[in-house]
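Chains, contacts and geometry: an overview
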Amino acid sequence: VQYEVRQQAAIQLKNICRECWVERVSFTGAPLPPLDGGSTENGEPKKAPLLDEEDKGLIRNNLVEALLAEPEKSIRDLMAETIHSIATHDFPDKWPNLLPTLLSTISQSSDSSQALRVHNALLALRKICK
């Protein structure tokens with residue numbers, strides 16, 4: 001798949017996960033309007049649809065592997081940002097295998113054929129810990 005298509009897909013995924021992973025609330029607990037500022041016909045803020053748990057599970061299961069295999073820096077950065085966004089809400093309760101997956105990949109650092117995967121795992125780990 002072309003670089004531009006993969007990059008746009010990574011941008012869309014990041015935005016969808018930010019907007020639709022959990023309901024956005026203020027520090028007081030009041031719901032916040034969507035980032036796009038949309039409103040209903042009555043002028044009330046439109047609520048963003050939330051992803052269901054099945055979709056979230058598919059994203060969690062495939063996103064790390066996609067990041068580990070990604071050669072392009074800009075796409076890696078977008079995927080790492082998405083992982084950070086999801087981990088903020090789901091780690092460790094709903095995503096217990098996140099750190100073991102990354103640490104397992106990092107432990108393969110002596111195998112030169114795994115250099116990209118190790119680099120990308122370190123990038124994700126850095127983003128999560130930041």
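Refer to the structure above for everything that follows.
The rules behind these values
- Residues numbered from 1 in each chain as written.
- Predicted model: local features only at pLDDT ≥ 70, side-chain atom pairs only at ≥ 80, totals over all residues.
- Heavy atoms only, no water.
- Helix = DSSP H or I, 4+ residues; strand = E, 2+ residues; numbered from the N terminus.
- Buried < 20%, exposed > 50% of the residue type's maximum accessible area, 1.4 Å probe, protein only.
- Contact = heavy atoms within 4.5 Å.
- Areas by Shrake-Rupley, 256 points an atom, 1.4 Å probe, with all protein chains shown as cover.
- Expected span 1.5 Å × (residues − 1).
- Bend = angle between axes of the 7 residues up to and from the residue.
- Core = buried A, V, L, I, M, F, W, Y, C linked by side-chain atoms within 4.5 Å.
- Axes fitted to C-alpha atoms, helices over the stretch in contact; angles between N-to-C directions.
- Parallel < 35°, antiparallel > 145°, perpendicular 65-115°, else oblique.
- Left-handed = near helix turned anticlockwise from the far one by under 90°.
- Nonpolar A, V, L, I, M, F, W, Y, C, P; charged D, E, K, R; others polar.

Turning our attention to the overall build of the protein chain. Along its length, the protein chain carries five helices and zero strands. Across the 130 residues of the protein chain, 34% fall into the buried class. In the protein chain, the share of contacts with a sequence separation of at least 24, taken over all contacts with a separation of at least 6, comes to 60%. When the accessible area of the protein chain is evaluated, it comes to approximately 8100 Å², of which 55% is carbon and sulfur surface.

Attention shifts here to the side chain of Asp 90. Looking at the element boundaries, Asp 90 is found in helix H3 (residues 73–90). The class of Asp 90 is buried, set by a relative accessible area of 3%. In this structure, Asp 90 is in contact with Trp 21, Arg 60 and Trp 95, ignoring residues within four places of it in sequence.

Further remarks concern unusual backbone geometry. Comment: phi is negative for the bulk of residues other than glycine, and the bulk of peptide bonds are trans. The amide bond that connects Phe 91 to the next residue, Pro 92, takes the cis arrangement and shows omega of 5 degrees. Within the fold, Pro 92 resides in the loop between H3 and helix H4 (98–106).

Counting along an α-helix, one turn takes 3.6 residues, and residues three or four places apart therefore face a common direction. Taking 1.5 Å per residue, 17 residues should reach 24 Å; helix H2 (residues 53–69) reaches 25 Å between its end C-alpha atoms and fits that length. Bending of H2 peaks at approximately 25 degrees at the position of Asn 62. Along H2, the residues classified as buried are Lys 56, Gly 57, Ile 59, Arg 60, Leu 63, Val 64, Leu 67 and Leu 68. In the core, the buried residues of H2 are packed alongside helix H1 (3–20), H3, H4 and helix H5 (115–129).

To continue, consider the nonpolar core. Core analysis: the largest hydrophobic core is formed by 24 residues, its most contacted members being Val 64, Ile 83, Ile 86, Trp 95, Leu 98 and Leu 102. When contributions to this core are tallied by element, the ones reaching two or more residues are H1, H2, H3, H4 and H5. In terms of residue count, H3 provides more of this core than any other element does, six residues in total. Setting aside anything within four residues of it in sequence, one finds Leu 98 in contact with Val 64, Ile 83, Ala 87, Phe 91 and Ile 128.

Now for H1. Its 18 residues place the ends of H1 25 Å apart at the C-alpha level, agreeing with the 26 Å of an ideal helix rising 1.5 Å per residue. Residues Ala 10, Lys 14, Cys 17, Glu 19 and Cys 20 constitute the buried set of H1. Looking at the buried side of H1, the elements it contacts are H2 and H3.

Here the focus is the environment of Cys 17. Structurally, Cys 17 can be placed in helix H1. For Cys 17, a relative accessible area of 1% puts it in the buried group. Along the chain, Cys 17 and Ile 83 lie 66 residues apart, while their C-alpha atoms are 9.2 Å from each other. Leave out the neighbours within four places in its chain, and Cys 17 touches Ile 59, Thr 82, Ser 85 and Ile 86.

The next thing to look at is the packing of H4 against H5. Close contact between H4 and H5 brings their axes to 8 Å; oriented N to C, the two are set at 140 degrees. Classified by the angle their axes make, H4 and H5 are oblique. Pair H4 / H5 crosses with left-handed handedness. Within the contact between the two elements, H4 uses Leu 98, Leu 99, Leu 102, Leu 103, Thr 105 and Ile 106 and H5 uses Arg 117, Val 118, Ala 121, Leu 122, Ala 124, Leu 125 and Ile 128. Per-class residue counts for the contact of H4 with H5 are 11 nonpolar, one polar and one charged.

Any link to function would need more than the numbers given here.
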